[in-house]
Amino acid sequence: MNGALRIFRKEMLSILRERRVLFTTLILPIILMPLLMYGPLLFFGNAARKTAEATQKVGVQNLPEAAIAALRAAKLEPVPTDSPLKDVQEKKFQAAVSYQGSTFTVYGRLSGATQSSLVVGKIQEALRGYKDQLVAQALQERGLSTQILEPVSIRTQDASRPQERAAGIFAFLIPYFLVIFILNGGQAVAIDATAGEKEKGTLEALLSAPVPVFQIVLGKALAVLTVALAAAFAGVAGIVLGGTVMRSLVPQEILGGSPLGGGLSLGPAGYLALLLTAVLFAAMMVSVQLSLGVYARTFKEAQSYMAPLLLVFIVPLLLLQFSDFLTQQSWYYLVPAFNVMLLLDGLVKGSAEQGQATLTWLSTLMYAALALGLAVRNFRREEVVFRN
């Protein structure tokens, strides 16, 4: 194994010399992930708070005086209009409301999380209060209590596991980014260690050295594996640290009551299981990337081979947010890559079972060994190595 370790050191020295690669792989994810994940949420939360505190002009048509008073009480300034729909479409008002018969019609531009939709929410809340006031007055005139409308009370309690509550709205995104960063983090290094060496003319000299091909491939795989895992955990660290900082520094009113999450609340066994799953998945994908990279003639050709590999994982990763609708089957945890995604999702939420983890680890270990064997076979084939 000394040969594999020498190859590993050679590849790592080559990587460490490229400081830009280290910055984009390790430092940039920690900086960017909190901004990308929490920036839009904080921006919208702050905008919603300011909209709730400010007074907006709204168009009104044929509204009763009591309803107009309710709008004013909700920090809305009613402005009479004869064309509420047109005024909202032309952005004269963020929202408008008309009254005909016994129906209020609220107009707003509701395609997306816009300020108009927030103002519409304020109008609806004000009109609900006005309606409740009319109902209470009608009941009082008939000598009835308002409690007759609510004979029972309904209370909702969050039954999520502590791990799932800690992850919050990013429960499925943590496994998502873990997988994506493993793929992206190791891709450039895998290409440079294969097609890149072909272009530089050093791969043939390396393969002619008195070192078994298996040890050469293993050394390269260890280097790519190290960078892929470092990139993955740097990205997840950005999410987790960002969530911790946001929860401690940002006022809850800016978040709008949103379960921000982004944290991990696992025991030692949970963190070890998460690490083992990530390592096994990375080992499998690193071997696949080396196989594709050595087959390519140039760096650009290798990139074209790697791109579809990422797309293959996008759909199942996005489906993780609907994992509760899946009827869990044991064979799911034997499907390559998909089993890892399911297990990571379960580990983050604290719902993974020992049997599921065992099936995933054993099957992924077998797939990783097969992929490594394929990589070694490609490195031994002259029609592949000398394809350029």
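Our subject is the structure listed above.
Residues numbered from 1 in each chain as written. Predicted model: local features only at pLDDT ≥ 70, side-chain atom pairs only at ≥ 80, totals over all residues. Heavy atoms only, no water.

Looking at helix 7 (residues 173–193)
At 3.6 residues per turn, the α-helix brings residues three or four places apart onto the same side. Between its first and last C-alpha atoms helix 7 spans 30 Å; for 21 residues at 1.5 Å apiece the expected length is 30 Å, and the two agree. Along helix 7, the sharpest kink reaches roughly 35°, centred on glutamine 187. (Helix = DSSP H or I, 4+ residues; strand = E, 2+ residues; numbered from the N terminus. Expected span 1.5 Å × (residues − 1). Bend = angle between axes of the 7 residues up to and from the residue.)

Concerning the packing of aromatic side chains
According to the stated counting rule, one finds five aromatic pairs in the structure shown. Pairing tyrosine 99 with phenylalanine 104 gives two aromatic rings, centres 4.5 Å apart and planes at 40°, and the pair type is tilted. A residue is classified by how much of its surface remains accessible, and tyrosine 99, at 23% relative accessible area, is partly exposed. Within the aromatic cluster, the residues linked to one another by ring pairs are Tyr99, Phe104 and Tyr130. (Phe/Tyr/Trp six-rings, centres within 6.5 Å; stacked < 30°, edge-to-face > 60°. Buried < 20%, exposed > 50% of the residue type's maximum accessible area, 1.4 Å probe, protein only.)

Some thoughts on the nonpolar core
Core analysis: the largest hydrophobic core is formed by 70 residues, its most contacted members being Val217, Phe281, Leu290, Phe313 and Leu317. Among the elements that take part in this core, helix 10 (residues 213–249) stands out by supplying 14 residues, more than any other. Ile68, Val97, Ile123 and Leu127 belong to the second-largest nonpolar core, a separate cluster that totals 16 residues. (Core = buried A, V, L, I, M, F, W, Y, C linked by side-chain atoms within 4.5 Å.)

Quick look at the sheet that holds strand 3 (residues 95–100)
Working definition: the strands of a sheet are paired by backbone hydrogen bonds and lie parallel or antiparallel to each other. Strand order in the open sheet formed by four strands is 2-1-3-4, with mixed pairing between adjacent strands. This sheet does not close on itself; its edge strands, each paired only once, are strand 2 (76–80) and strand 4 (103–108). Each neighbouring strand pair of the sheet contributes to a mean axis angle of 30°, computed without reference to strand direction. Strands strand 1 (56–61), strand 2, strand 3 and strand 4 of the sheet are contacted by helix 3 (residues 65–73), whose axis makes an angle of about 140° with strand 2. In this fold helix 5 (residues 115–141) packs onto strand 1, strand 2, strand 3 and strand 4, with an angle of close to 165° to the strand it touches most, strand 4. (Pairing = 2+ DSSP bridges. Axes fitted to C-alpha atoms, helices over the stretch in contact; angles between N-to-C directions. Contact = heavy atoms within 4.5 Å.)

Let's talk about the pairing of strand 2
Two strands pair when backbone bridges link them, and strand 1 and strand 2 are joined in this way by five bridges, in the parallel orientation. Residue pairing across strands places lysine 57 opposite glutamate 77, the latter belonging to strand 2. Each parallel crossover has a hand, and for strand 1 linked through helix 3 to strand 2 it is right-handed. (Right-handed = clockwise from strand over helix to strand, strands pointing away.)

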